[in-house]
Amino acid sequence: MTEGGDGTDLKRSGTERSYAWSPMTLADADVVHDSSPTEDAEAWLGGQDRFVTRHIGPDAAEMRHMLDALGVDSLDELMRQAVPDAIRLERDLQLDGLEEGLSEPAALARLKEMMSKNTVRRSLIGMGYADTITPAVIQRNVLENPGWYTAYTPYQAEISQGRLEALLLFQQMVADLTGLPLANSSLLDEATAAAEAMAMAKSLKGKKANTFVVAADCHPQTLGVVSTRARSMGIDLRVTDVTKDVDLEGVFGVLVQYPATDGAIRDYGELAEAVHEAGGLMIAATDLVACTLITPPGEWGADIAVGNAQRFGVPLGFGGPHAAFMSCREEYARRMPGRLVGVSKDAHGDTAFRLTLQTREQHIRREKATSNICTAQVLLAVMNAMYAVYHGPDGLRRIAGRVRALTSALSAGMQRLGHVVSGGPVFDTVTIEPQGLPVEGILAAASAEGFNLRDFGDGRVGITLDEKSDADEVRRLIECFAGGSTFRLNVAELAAESMRAVPLGWAERKSEFLSHPSFNKHHSEHGLTRYLWRLQGKDLSLVHGMIALGSCTMKLNATSEMLPVSWPEVGSLHPFVPAEQASGYDAMCSDLRSWLGEITGLPSVSLQPNAGSQGEYAGLLAIKRYHEAQGDDARDVCLIPDSAHGTNPASAVIAGMKVVVVKTRGNGDVDLDDLVKKADANEGKVAAMMLTYPSTHGVFEAHVKQLCDAVHDRGGLVYMDGANMNAQVGLCRPGDFGADVCHLNLHKTFCIPHGGGGPGMGPICATLELGGYLPGSPLDTGAYPVSSAPVGSASILTISWMYLAMTGPRGLRRASEVAILNANYMAKRLDGHFDVLFVGDNNRVAHEFVIDCRPFDKSAGVTVEDVAKRLIDYGFHAPTMSWPVAGTLMIEPTESEDLEELDRFCDAMIAIRKEIAMVERGEWPRDDHPLEHAPHTAAAVSAKAWNRPYSREIAAFPSEATRRNKFWPAIGRIDNVFGDRNLVCSCPPIEDFA
């Protein structure tokens, strides 16, 4: 029997609570469906299986039990207490085409019909995207495996060793292939990685130089995104032909594409020397597959390399998600954006992996940050790393060599037809100037053969071959340029002839790569499958239990939502195919824009930002551009509460704004008086206020309208951080209470999985007035694009479409209500054992709450980290630790967890509180107790020697639940200080694991 927060047994109707399944009764129907008995009876008789009952964890009886524990009669009464009346939405959402949620089969059928309107062709467009073969063993065991895609960012290293090892392999792979010693564990896409590299170079070189040179033959989407960042940061951007003399006066960095967007492989060694002599940094956007054959950038003088690892086994997906990369020289480690996996040791002295330098950049620099990146593309980076493991260095060389041979044959064939092709060595791309034939006719002939080629728009046609290309494809492509004439050709002979005529020569790679044993032993399917499962077994994910991370919303990622990601008509489209070939995507995105606009009350929607941080940046850019269009160029101040996430001020800085910090009151609310004071002190300069709602303290602030009005009265606009939207959907709308623009974390509220640290999506919703300032085409440098592809990571938008279509308007509201119910129930149970720091006017929390662990440091020498690590012994990932208040835990259960799981977590926390009490009473020494030594590994508790003042059983099996189902941490307590002082971010020798 489970105890409540006051120590009393929680019962209903005099009987002990049972978790056995029982059918819903009509008397309970109003709790779940909010419909009349007649309507509900019709639904039962119709046999329609409702997805919302699968998504929402508690059944009717469990909801009734929690409501009774809270002393309220209904969910509506609880909502009246938690959500201020002034902002309540007193009607159902009106989602076009969705009166009710669809069943899972019906939603899959509707989406299948929609996406079948896409035309899947062989897209040989290039521009940094190439088709690839995803090994089935990686598709099934990583991409489609909830053990990998439902895990959280590996901040808790002890239960993330599998992902950390895979990410370390990704870093090693990138470092080896680019010829630079240090790589991060992925970025969002190639274009934003280039923009990050520019900002990094600017930060390293200081204020003296302010010009950044970009080669004109970089990919056009990279030019677009870099241009956006340069304008917002006040950088003088110069796009030029770098093969000619370049004026390097006042230049802090130069970016080149290697190979270039037209396929040319150019020697940039002399340019790199000149850039260094001028005091700048050399940046190369490169191709990892090409780097298996050609001299890596680090060997000819590049200081930073960026690019996209997509062709290492990740589908095109109409633009994403894909793992970008960045590598650099070791001395730049502390300025490199993104996450960095390092090698440390645990409490037993064993090798252990962790995210290193975790508190850098936006979290501590905040208003001085040069990057707002707080995420990665972990799931995709794992796929990339395992692709390299599966093929090994020899396999990668074979793939690259075959692509180059076919490209050489294609080039020779075009020349035989009399066409002009780009000179010099090639890897995968041929650029052709047709002679005697119109480009339109050639493109039409190629289209008739099922090919998409690249039209440069200046009389040139580009063809990029890939892993799926073969000799027959090359023959058919040459015939498209033959103008109907017949001829005989031998592709093998053409390849040999061309490669003899134009060898790689100076560009040929001489150095070895991927020599680490992990890249040279798992080449069989048995071998890779077992390796993947060994890694997966070291990580705790949602398949093991609740991950109650405040602000992170780790909810159900339903299988039916995930299935479409693997459909060919979803994954096989190049992001720059002709518009008519992507009509399915267009229809799906139209639905999402309409639905998200209605949910937020902000009708102008951009789906381009591919992370929450990108959404923040795009939203603030829209605000800044709007003010400039009104002639208010002086408006550059952004008011931000001191409780805001570090990305908020970082985003404001890179959007070209000055940050003014607003105080937060003791109850967690934004201080309205201080807001007015700071706004008035910056009269005529206030551009925006950034606001998280519900607050970062887990409360619906009753005066939110007054906050928004105060900013609007002073000519500013309101940006809402949508991290906590899971408490609002169907209950209130940001646009109704004063927000002008907000971003939405689709990987939180709208069910895209966290992927162990990515992918995500961060679309923005805005007023009609701001609609014209949202990001435009990435191929247009004047359109302020923020990511490489038109709709960011398009393929995973299908997940959110499925969630919204299946849940429906009333189901979405019910999901928000149950998320709030679950949080309030847990807060009630834990109150009395822990102090709940922040509550609303009616003593209610929103969908998350903060408990205080600071008193235990004084009373028992127990820190919040000790509590977090002890939770691992109980089988749980710790809640969000020390944010927004140091020494606290922020707990968010979501609506997807049932009563048994909520109680299992509460029981664990209450048991840990009792353990702390034993230390307080002196029953265990302050420096030798279970929390001090947590987490306990199997090796530690099974060792011959055991000299702890507590038993092995208390260490390893502290609850009945752990006796039934134990998750063992792979390592003991990580040594963070050792890791930061001894920075190692490449794979250790295999002997270290012995």
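Residues numbered from 1 in each chain as written. Predicted model: local features only at pLDDT ≥ 70, side-chain atom pairs only at ≥ 80, totals over all residues. Heavy atoms only, no water.

Re the side chain of Asp466
- Following the sequence through the fold, Asp466 ends up in the loop between strand E15 (461-464) and helix H17 (471-480).
- Within the local environment of Asp466, its side chain forms a polar contact with the backbone nitrogen of Asp131, the two atoms lying 3.4 Å apart.
- Side-chain polar atoms of Asp466 contact the backbone nitrogen of Lys468, separated by 2.8 Å. (Helix = DSSP H or I, 4+ residues; strand = E, 2+ residues; numbered from the N terminus. Polar contact = N/O pair within 3.5 Å; in protein donor to acceptor, adjacent residues only side chain to side chain.)

Focus: the confidence of the model for the protein chain
- When the pLDDT values of the protein chain are averaged, the result is 92; 93% of them are 70 or greater.
- This stretch, residues 1-38, has a pLDDT under 50; its non-local contacts, to residues over four places away or in other chains, come to 70 contacts.
- Segment residues 359-364 is flagged for pLDDT under 50; beyond a separation of four residues in sequence, or across chains, it makes 22 contacts in the model. (pLDDT = per-residue confidence, 0-100. Contact = heavy atoms within 4.5 Å.)

Considerations on the nonpolar core
- Of all hydrophobic cores here, the largest spans 261 residues; its most connected members are Met173, Val256, Met386, Ile599 and Phe849.
- At 18 residues, helix H28 (residues 797-830) tops the list of elements feeding residues into this core. (Core = buried A, V, L, I, M, F, W, Y, C linked by side-chain atoms within 4.5 Å. Buried < 20%, exposed > 50% of the residue type's maximum accessible area, 1.4 Å probe, protein only.)

Points about the side chain of Thr553
- Turning to its location among the elements, Thr553 is positioned in the loop between helix H19 (525-536) and helix H20 (559-562).
- Side chain to side chain, Thr553 and Glu892 meet in a polar contact 2.9 Å long.
- Discounting chain neighbours no more than four positions away, the residues touching Thr553 are Ala723, Asn726, His747, Lys748, Thr749, His754, Glu892 and Thr894.

Remarks on the environment of Asp857
- Within the element layout of this structure, Asp857 appears in helix H29 (residues 855-860).
- Distance in space between the C-alpha atoms of Asp857 and Ala934 is 16 Å, their sequence separation being 77 residues.
- Not counting residues up to four positions away in its chain, the partners in contact with Asp857 are Val862, Thr863 and Arg926.

A closer look at the environment of Val670
- The topology assignment puts Val670 in the loop between strand E18 (658-662) and helix H25 (672-681).
- Spatially, the C-alpha atom of Val670 lies 8.9 Å from that of His703, the residues being 33 residues apart in sequence.
- Residues contacting Val670, with those up to four places away along its chain left out, are Pro641, Val662, Lys663, Thr664, Arg665, Leu691, Glu701, His703 and Leu707.

Let's talk about the pairing of strand E9 (residues 341-345)
- Counted residue by residue, E9 has 4 buried out of 5 residues, so it is predominantly covered.
- Looking at chain direction, E9 and strand E10 (residues 351-355) are connected through 5 bridges and run antiparallel. In the strand pairing of E10, Gly342 is matched with Arg354.
- Linkage of E9 to E10, two consecutive antiparallel strands, is achieved through a turn of 5 residues, within which Gly349 is found at a positive phi near 85°. (Pairing = 2+ DSSP bridges.)

Looking at a negative patch on the surface
- A contiguous patch of negative charge on the surface is contributed by Asp267, Glu270, Glu273 and Glu277.
- Residue position: Glu277 is located in helix H12 (residues 269-277).
- Residue class for Glu277 comes out exposed when judged on its relative accessible area of 72%. (Patch = residues over 30% accessible without salt bridge, like charges linked within 9 Å, V, L, I, M, F, W, Y side chains within 5 Å. Areas by Shrake-Rupley, 256 points an atom, 1.4 Å probe, with all protein chains shown as cover. Salt bridge = Lys/Arg side-chain N within 4 Å of Asp/Glu carboxyl O. Lys, Arg positive; Asp, Glu negative; His and termini not counted. Charge placed at Lys NZ, Arg CZ, Asp CG, Glu CD.)

Description of the pattern of salt bridges
- Considering all chains together, one arrives at 54 salt bridges under this definition.
- Between Asp76 and Arg88 there is a salt bridge, and its shortest N-O distance comes to 3.4 Å. Placement of Asp76 in helix H5 (residues 75-82) and of Arg88 in the loop between H5 and helix H6 (104-115) is noted, with a sequence separation of 12 residues between them.
- With relative accessibility at 12%, the residue Arg88 sits in the buried group.

Quick word on unusual backbone geometry
- Tyr258 connects to Pro259 through a cis peptide bond whose omega is -5°.
- Position of Pro259 among the secondary structure elements: in the loop between strand E5 (251-258) and H12.
- Here the bond from Trp883 into Pro884 is cis, since omega is 10°, no more than 30 degrees from zero.
- For Pro884, the position within the fold is in the loop between strand E25 (880-881) and strand E26 (888-891).
- Backbone geometry at Cys751 places phi at a positive 75°, although glycine is not the residue there.
- Turning to its location among the elements, Cys751 is positioned in the loop between strand E21 (741-744) and strand E22 (764-766).
- Overall, the relative accessible area of 0% leaves Cys751 in the buried class.

Topic: the packing of H25 against helix H26 (residues 704-713)
- In contact at an axis separation of 10 Å, H25 and H26 are set at 10° when each is read in the N-to-C sense. Considering the angle they form, H25 stands roughly parallel to H26. For the pair H25 and H26, the contacting residues are Leu672, Leu675 and Val676 in the first and Gln706, Leu707, Ala710 and Val711 in the second.
- Class assignment of the residues belonging to the contact of H25 with H26 gives a composition of 6 nonpolar, 1 polar and no charged. (Axes fitted to C-alpha atoms, helices over the stretch in contact; angles between N-to-C directions. Parallel < 35°, antiparallel > 145°, perpendicular 65-115°, else oblique. Nonpolar A, V, L, I, M, F, W, Y, C, P; charged D, E, K, R; others polar.)

A short note on the packing of aromatic side chains
- Under the criterion given, the structure shown has 17 aromatic pairs.
- With centroids separated by 5.7 Å and ring planes inclined at 50°, the aromatic side chains of Tyr268 and Trp300 adopt a geometry described as tilted. Of the two residues, Tyr268 sits in the loop between E5 and H12 while Trp300 sits in helix H13 (residues 297-300), which places them 32 residues apart along the sequence. Each member of the pair, Tyr268 together with Trp300, is buried.
- Ring geometry for Phe957 versus Trp968: centroids 5.7 Å apart, planes at 85°, classification edge-to-face. Of the two residues, Phe957 sits in the loop between helix H34 (952-956) and helix H35 (960-964) while Trp968 sits in the loop between H35 and helix H36 (976-981), which places them 11 residues apart along the sequence.
- Clustering of aromatic rings is evident, with ring pairs tying together Tyr258, Tyr268 and Trp300. (Phe/Tyr/Trp six-rings, centres within 6.5 Å; stacked < 30°, edge-to-face > 60°.)

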